[in-house]
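# Close look at the chain arrangement
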Amino acid sequence: MSANVATSRLNPQWEDLSLANTPNSEQLREIAHYLGTICVALSALGNFAPEIWVNTAQNLDLEPMVKDWLGNWQIGQSSARNTSTDKQDINLEEARSLVLIISHLAQQEQELIRRAVSLLEQRISEDKPPEQTALLGNYLDKFRNLAANSSSTPSEKLAPLAFKLLIDLLFYSGVNGHRRLWLAILDHAR
Amino acid sequence: MLSSDFLIRRYSPPTCTLEIWGQNSFFVWQSSRKVINETTFKLHFDDPKLPDTQQITLSGDRIELQYLCDVVTSYIQNLVRVCADNFSDHSNCLTLEQAQEQKAVVSEEEKEPQWPEIELPKLKPVNLYHHKLDFGSLNSDKIQSSINLSICQLFDLANALEEYNNDVESFPGLYAAKTRKKILVWGSVAAVIILGVSTPLVGVKLGLLNPQISFNNRQSPSNQSNLREILPPVPPPPNTEEVPSPELPPTLAEQEPLSPPDNITPAEAPPRNPDVEVVVPPSRVLPPPPNVPPAPEQTTIVVTPHSPENITPPQVSRQPGQNMANPYPVLADQGMLSYTVPTLPDLPPLVASSPANPQPNYNPVPPNQDNSSLSRLPREKTPLAKNSLLDTIPQVAEVREYFQERWQPPEKLQQTLEYRLILAPDGSLARINPLGGAARLYLDRTNMPLIGESFVSAPEVENPQIRLVLGPDGTVKTFLEPNQLTSSRS
């Protein structure tokens, strides 16, 4: 594990993910929950195959760090059991790795994310329901399906959350998006 | 003060352009103030919905730019902390106003006392989708003092500023203020120029009047030594005396002269060691295209395939006021946002091209011209040669027919929209690249099929790239583009 950590630290972006104080266990669970929600949003928009997360982790030499967490997360997605009260644990190395994986995938899908946000803005400005477009409608349906197994959020709140996460994903896909995401999850954990 | 401005760097996401300018002053030593900041910036907001006369440009110095960077960065960080409408799981989320208030309190505590005379730019939320940027003391050539930014515009602005910050961190010398040593060098160069012009006139005149008078520079040894460091040594003037012919000393004169050497023939190459493998050096890779300055009406030029069929010529997209050149900095290695196709200078003919590095060829080739430039392309089988540019494919017409049935230009649209479509082997869309800000803005009005959604027949060539041109008058044009490997997606 230490060798893998050393390898990961060779990634220059890893050094951007610094930390002043180590979060406690409850804060780490909040971090895990937020990262899981981001993964749900990205999966729903990109229409990813389940193995894309592990493949991306392998490409970034982060697979040993996160394979356990990703495995548990995907089991939770496919399970009908509501796991929101039993939040998944995460450690700092897993959190850092996930931040890099998410920002990498978001950067790859930036064109699609931007198109979705642009369409969202357009529909909002025209005072029309965003989900009545093909792109946003499909995204929302998939998000609802994936989030239903891992969140106790009322269904009527899922749509605003999904669209807000689109905006967040856009900023996480930009320059230094990994730093932005890292600071965001630390803020959520406070 | 005589000075010249030069462009150091340009960052151009789709909806704004950030330019960093430097200043060279030839008379800096005459200035009473110490030179600290010699870089300025210009920030153009490119909104295709607005006419050129209403486009906004801000300008300021390096400190104001740095402050703008900080404002935008912290604003966006607050924005991603904001909850989506009382989402209960995120109990730590704030509304955007609360996040801004927290930031304002922190800003008060951290306020720098040396900027009291500067009105700082501010970002304020109108709602989740609109954000107002107050210009503060940043110069604007328009009367208005603020601009409403959409999410995408805010994102583009943040990207440009982050790229700038990354460059500043990576290359601190790029924007460093001039040092005293450099001032002295420039001053010396200027003095040389002045002396070089005046010496032939003054020296001759003084020499005729009074040969004892010396030039001014000899009276100040320090300046003379500086000038000697810069000036190359001047050969002595030729004199009119006879040049003495050399004479052999007596001891050498008694020796017999040597015979002339034999003819020197080129040495034979040593025999090649058959055990050593022949290593072919890697093919020459052309450097990336230079950072060309933008032209006001720069057009997008693509290769038109030389085909006997009715391939329509590309619609030249003129978008005045929009930066069409490839402005992205060469040294920045962050993910690049896709831009409109730049007009590259003529590249030297390709000597060899490996399959891994096919070169894009954007030199315009009129259909009736002799294709001698194309004949210089490598003959070996590369993906470029295999997918012949001269052949059209049925999918070009199919895409055109698809959009002819569906394209209904919006009322306010005045520009031509261009897209690069990459087809997957099953005839679905693998990728869509909007070219230009207007294309991005109106993408969802084009009835573009979704990625993976099949809409034409399966192509026989691999990943054909089709340019789709949608006119504001309802016209639809398509043509096949040269297939090329794209760089990593942004």
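Rules and cut-offs
- Residues numbered from 1 in each chain as written.
- Chains lettered and ligands numbered in written order.
- Predicted model: local features only at pLDDT ≥ 70, side-chain atom pairs only at ≥ 80, totals over all residues.
- Heavy atoms only, no water.
- Pairing = 2+ DSSP bridges.
- Helix = DSSP H or I, 4+ residues; strand = E, 2+ residues; numbered from the N terminus.
- Axes fitted to C-alpha atoms, helices over the stretch in contact; angles between N-to-C directions.
- Contact = heavy atoms within 4.5 Å.
- Salt bridge = Lys/Arg side-chain N within 4 Å of Asp/Glu carboxyl O.
- Polar contact = N/O pair within 3.5 Å; in protein donor to acceptor, adjacent residues only side chain to side chain.
- Nonpolar A, V, L, I, M, F, W, Y, C, P; charged D, E, K, R; others polar.
- Core = buried A, V, L, I, M, F, W, Y, C linked by side-chain atoms within 4.5 Å.
- Buried < 20%, exposed > 50% of the residue type's maximum accessible area, 1.4 Å probe, protein only.
- Expected span 1.5 Å × (residues − 1).
- pLDDT = per-residue confidence, 0-100.
- Parallel < 35°, antiparallel > 145°, perpendicular 65-115°, else oblique.
- Left-handed = near helix turned anticlockwise from the far one by under 90°.
- Phe/Tyr/Trp six-rings, centres within 6.5 Å; stacked < 30°, edge-to-face > 60°.
- Lys NZ or Arg CZ within 6 Å of the ring centre and 35° of its normal.

### As for the sheet that holds strand E5 (residues 122–127) of chain B
Residue and element names in this part refer to chain B. As summarised here, the arrangement of the 3 strands in space is E5-E6-E8, forming an open sheet in which the pairing is antiparallel. Strands with a single pairing partner mark the edges of an open sheet, and in this sheet they are E5 and strand E8 (146–150). Neighbour to neighbour, the strand axes of the sheet diverge by 30 degrees on average, direction disregarded. By the bridge criterion, 5 bridges tie E5 to strand E6 (residues 130–134) in an arrangement that is antiparallel. When the bridges of E6 are listed, asparagine 127 appears paired with histidine 130.

### Examining the interface of chain B and chain A
Each partner contributes to the interface: chain B provides 48 residues, whereas chain A provides 46 residues. Measuring nitrogen to oxygen at the nearest pair gives 2.8 Å for the salt bridge that ties arginine 445 of chain B to glutamate 126 of chain A. Taken together, the links from chain B to chain A amount to 8 residue pairs in polar contact (both at pLDDT 80 or more). When residues of the side of chain B that touches chain A are traced back to their parent elements, those giving at least two are helix H1 (62–81), helix H3 (151–170), strand E10 (429–435) and helix H10 (437–441) of chain B. Element by element, the count of residues in the side of chain B that touches chain A is highest for H3 of chain B, at 11 residues. Broken down by class, the residue content of the side of chain B that touches chain A amounts to 23 nonpolar, 14 polar and 11 charged.

### Description of the nonpolar core
One finds Trp53, Tyr139 and Phe143 of chain A together with Leu18 and Phe45 of chain B to be the most contacted residues of the largest nonpolar core, which totals 99 residues. Excluding residues within four positions of it along the chain, tyrosine 139 of chain A makes contact with Ala41, Ala44, Leu45, Ala162, Phe163, Leu165 and Leu166 of chain A. Core analysis: the next-biggest nonpolar cluster, separate from the first, contains 25 residues, Leu421, Phe455, Leu468 and Leu480 of chain B among them.

### Some thoughts on the sheet that holds strand E9 (residues 417–423) of chain B
Residue and element names in this part refer to chain B. Spatially, 4 strands are ordered E10-E9-E11-E12 in an open sheet, and the strand pairing comes out antiparallel. Sheet topology places E10 and strand E12 (476–481) at the edges, where each strand pairs with a single neighbour. Here the strands of the sheet are splayed against their neighbours by 25 degrees on average, with no regard to which way each runs. Where helix H9 (residues 394–406) meets the sheet, it contacts E9, strand E11 (465–470) and E12, and its direction lies at approximately 155 degrees from that of E12.

### Some points on H1 of chain B
Residues and elements named next belong to chain B. Along its 20 residues, H1 runs 29 Å from first to last C-alpha, staying within 8% of the 28 Å computed at 1.5 Å per residue. Taking burial as the measure, the 20 residues of H1 include 14 buried ones, the bulk of the element. Here H1 starts with a cap whose side-chain oxygen sits 3.2 Å from the backbone nitrogen of isoleucine 63, and that cap is aspartate 61.

### Details of the confidence of the model for chain A
Across chain A, pLDDT averages 84, with 85% of residues at or above 70. Mean pLDDT across the secondary structure elements of chain A bottoms out at helix H1 (residues 2–9) of chain A, with 49, and peaks at helix H6 (residues 110–125) of chain A, with 95.

### A short note on the pairing of E12 of chain B
All names here are of chain B. The element E12 is largely enclosed, with a buried count of 5 among its 6 residues. Examined bridge by bridge, E11 and E12 share 6 bridges and lie antiparallel to one another. Each residue of the ladder has a partner; that of arginine 467, found in E12, is phenylalanine 479. In this antiparallel pair of consecutive strands, E11 and E12, the connection spans 5 residues, and glycine 474 shows a positive phi of 95 degrees.

### Focus: the packing of helix H8 (residues 155–172) of chain A against H3 of chain B
Where H8 of chain A contacts H3 of chain B, the two axes come as close as 10 Å, and the packing angle between them is 20 degrees. On the basis of their axis angle, the class for H8 of chain A and H3 of chain B is roughly parallel. Our pair here, H8 of chain A against H3 of chain B, has a crossing hand that is right-handed. Here Ile167, Leu170 and Phe171 of chain A of H8 of chain A come into contact with H3 of chain B, specifically with Ile151, Cys152, Leu154 and Phe155 of chain B.

### Brief notes about the packing of aromatic side chains
Taken as a whole and assessed by the stated rule, the structure comprises 7 aromatic pairs over all chains. When the centroid spacing of 6.3 Å and the interplanar angle of 10 degrees are considered together, the rings of tryptophan 69 of chain A and tryptophan 73 of chain A count as stacked. Of this pair, tryptophan 69 of chain A and tryptophan 73 of chain A both sit in helix H4 (residues 63–78), 4 residues apart, roughly one helical turn. A relative accessible area of 2% places tryptophan 69 of chain A in the buried class. Since its relative accessible area comes to 8%, tryptophan 73 of chain A is described here as buried. Joined through ring pairs, the aromatic side chains of Phe48, Trp53, Trp69 and Trp73 of chain A make up one cluster. Over the ring of tryptophan 21 of chain B we find lysine 42 of chain B, and its NZ or CZ is 5.1 Å from the ring centre. Positioned above the aromatic ring of tyrosine 402 of chain B is the side chain of arginine 406 of chain B, whose terminal nitrogen or guanidinium carbon lies 3.8 Å from the ring centre.

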